[in-house]
Amino acid sequence: MFIRTQKIREEVEEELNISLPESRSFYMGMTPFPYDITPEAALETFKLVREHGDIVRIWFDTGIPWPEAFEGKPYHPNVEDAINSKLSQLGEGQRVYLSLTPISEFRTGLAGYWGEEENMERPGEWKNKGFDDPEIITAYINFCRYMIQKFKPDFMAYAIEVNDLAKSNPNAFDKFVILAAQVYKTLKKENPTLPIFLTIKVGTFYEDEASQRAAIEKVLPYTDYIVVSSYPFQYYADPKEIPEDWFSRIADLAPEKPFAVAETAFTAENVVIEKYGINIPGNERWQAEYLQILLTKANELNAKFVIWFCPVDYDLLWEKIKDFTDEGMKFWRDTGLINEKMEARPSFKIWDAWLKLPISSDK
């Protein structure tokens, strides 16, 4: 086995001009975001995620069934169908990272209602509640309990990109801290061996580091890990320009806590979003270089897992939804390790070369 692994390493190092370590500290996985709106695309994406990863991120950023969760009533059939669909696609023996959030999809306030549709306006008296409302906290704890029971995760995020909320709505963030304390303490008491955490967006952190540090310090007691999302191409088109301490400075916020990457990607094509005046150059070489930097830095930080956001470019999906979706959705369209023609990019070879490495037993 060692000879085979060594041969693969040498071949990839020569072909792609990269250096691979003897082992990796982290599990590797992708978010099963489909490249098209069809059932076939969803199934193909899950198949790809199963075959090219040892962990999968199951991600719900779709709102919360607030009244049903609070009252202990059955969720809308559409909610249950979505949950069961993801359950049915999990790979045998694959680690599960469950990602939930009570924060709205644009990280500006409390999440909407998930019922007949996703991210609907919260109904009735729920419309004017905040993060610190006792019924909101109870409902969210109940929802988390239900999802833990369903997915039996190995890792769990109970809030996504909390520092974006601190930036966009500081008053709501202060109320979120009250929710975080109660949710974390309750779930941790009930699941003492499950790593439970919230996630931090790297780019936002560096936009105003002083105020971001002050905000994050408020929630550090309520997270087992320091877990980040990272899309540095928004700031640096050429990955060589990314600061050396892009990840480590955030990991150092609590060096005693394990580090992980909840989601990340780098565009392999130009990003043009006219609505927001965004024009970012991109190419496959830069994407491959970023992936190698990412995995190398993650290994140096003894990371627990690394999740790539988009397995395949979603040009087909975008063409079907662009007339009724914000143009900002294009931002990640071309971040796949596989392009829209289902052709593997150089980054995909790097990914698989790292995936073949053994996970260090002492990490």
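Residues numbered from 1 in each chain as written. Predicted model: local features only at pLDDT ≥ 70, side-chain atom pairs only at ≥ 80, totals over all residues. Heavy atoms only, no water.

As a further point, take the confidence of the model for the protein chain. Per-residue pLDDT for the protein chain averages 94, and the proportion of residues at 70 or more is 95%. Every residue in residues 1-8 is under pLDDT 50, and counting partners more than four places away or in other chains gives 4 contacts. (pLDDT = per-residue confidence, 0-100. Contact = heavy atoms within 4.5 Å.)

For the pair helix H7 (residues 170-190) and helix H9 (residues 209-219), the least separation of the axes is 9 Å and the interaxial angle reads 20°. The angle between H7 and H9 places the two elements in the roughly parallel class. Between H7 and H9, the residues in contact are Phe173, Asp174, Phe176 and Val177 and Ala215, Lys218 and Val219, respectively. When its residues are assigned to classes, the contact of H7 with H9 shows 5 nonpolar, no polar and 2 charged. (Axes fitted to C-alpha atoms, helices over the stretch in contact; angles between N-to-C directions. Helix = DSSP H or I, 4+ residues; strand = E, 2+ residues; numbered from the N terminus. Parallel < 35°, antiparallel > 145°, perpendicular 65-115°, else oblique. Nonpolar A, V, L, I, M, F, W, Y, C, P; charged D, E, K, R; others polar.)

Turning our eyes to something else, we now look at helix H2 (residues 39-51). For H2, which comprises 13 residues, the first-to-last C-alpha distance of 18 Å matches the rise-based estimate of 18 Å (1.5 Å per residue) to within 8%. Buried within H2 are the following residues: Ala41, Thr45, Phe46, Leu48 and Val49. The buried residues of H2 all sit within an arc of 160° when viewed along its axis, so they share a single face. Every exposed residue of H2 that faces more than 90 degrees away from the buried side is listed here: Pro39 and Glu40. Buried residues along H2 sit against strand E1 (27-30), strand E2 (55-59), helix H4 (77-88) and helix H13 (346-355). (Expected span 1.5 Å × (residues − 1). Buried < 20%, exposed > 50% of the residue type's maximum accessible area, 1.4 Å probe, protein only. Arc of directions from axis to C-beta.)

The side-chain alternation of E1 yields two buried faces, one formed by Tyr27 and Gly29 and the other by Met28 and Met30. Sheet topology note: the E1/strand E10 (residues 305-308) ladder contains 4 bridges and is parallel. Bridged to Met30 within E10 is Trp308. For the crossover that starts at E1, traverses H2 and ends in the parallel E2, the hand is right-handed. (Pairing = 2+ DSSP bridges. Right-handed = clockwise from strand over helix to strand, strands pointing away.)

Moving on, we get to the nonpolar core. Counting 112 residues, the largest nonpolar core has Tyr140, Tyr158, Phe176 and Trp308 as the members making the most contacts within it. In this structure Phe176 touches Pro102, Ile103, Phe131, Ala159, Val162, Leu165, Leu198 and Val219, once residues within four positions along its chain are discounted. With 12 residues, the next largest nonpolar core counts Phe197, Tyr225, Ala260 and Ala262 among its residues. (Core = buried A, V, L, I, M, F, W, Y, C linked by side-chain atoms within 4.5 Å.)

Okay, the pattern of salt bridges next. Overall, the coordinates contain 30 salt bridges when judged by the stated rule. Linking Glu135 and Lys129 is a salt bridge whose minimum nitrogen-to-oxygen distance equals 3.1 Å. Linking Arg213 and Glu209 is a salt bridge whose minimum nitrogen-to-oxygen distance equals 3.0 Å. Taken together, the residues Arg213 and Glu209, both in helix H9 and 4 residues apart, mark about one turn of the helix. Ionic contacts of the salt-bridge type, sharing partners, join the residues Glu209, Arg213, Asp245 and Arg249 into one network. (Salt bridge = Lys/Arg side-chain N within 4 Å of Asp/Glu carboxyl O.)

Our focus in this paragraph is a negative patch on the surface. Negative charge collects at one region of the surface, where Glu105, Glu116, Glu117 and Glu118 lie side by side. Residue Glu117 is classed as exposed on the basis of its relative accessible area, which comes to 51%. (Patch = residues over 30% accessible without salt bridge, like charges linked within 9 Å, V, L, I, M, F, W, Y side chains within 5 Å. Areas by Shrake-Rupley, 256 points an atom, 1.4 Å probe, with all protein chains shown as cover. Lys, Arg positive; Asp, Glu negative; His and termini not counted. Charge placed at Lys NZ, Arg CZ, Asp CG, Glu CD.)

Moving on, we come to the packing of aromatic side chains. Throughout the structure, instances matching the rule amount to 33 aromatic pairs. For the pair Trp59 and Phe309, a centre-to-centre distance of 5.6 Å together with 85° between the ring planes defines the contact as edge-to-face. Of the two residues, Trp59 is situated in strand E2 and Phe309 in the loop between E10 and helix H12 (315-321); the sequence distance between them amounts to 250 residues. Assessed through its relative accessible area of 21%, Trp59 is described here as partly exposed. Residue Phe309 is classed as buried on the basis of its relative accessible area of 5%. Linked through ring pairs, Trp66, Phe70, Tyr75, Trp126, Tyr140, Phe143 and Tyr146 together constitute an aromatic cluster. When the ring centre of Phe60 is taken as origin, the NZ or CZ atom of Lys86, which lies over that ring, is 4.3 Å away. We note Lys129 situated over the ring of Trp126; from NZ or CZ to the ring centre the distance is 5.4 Å. (Phe/Tyr/Trp six-rings, centres within 6.5 Å; stacked < 30°, edge-to-face > 60°. Lys NZ or Arg CZ within 6 Å of the ring centre and 35° of its normal.)

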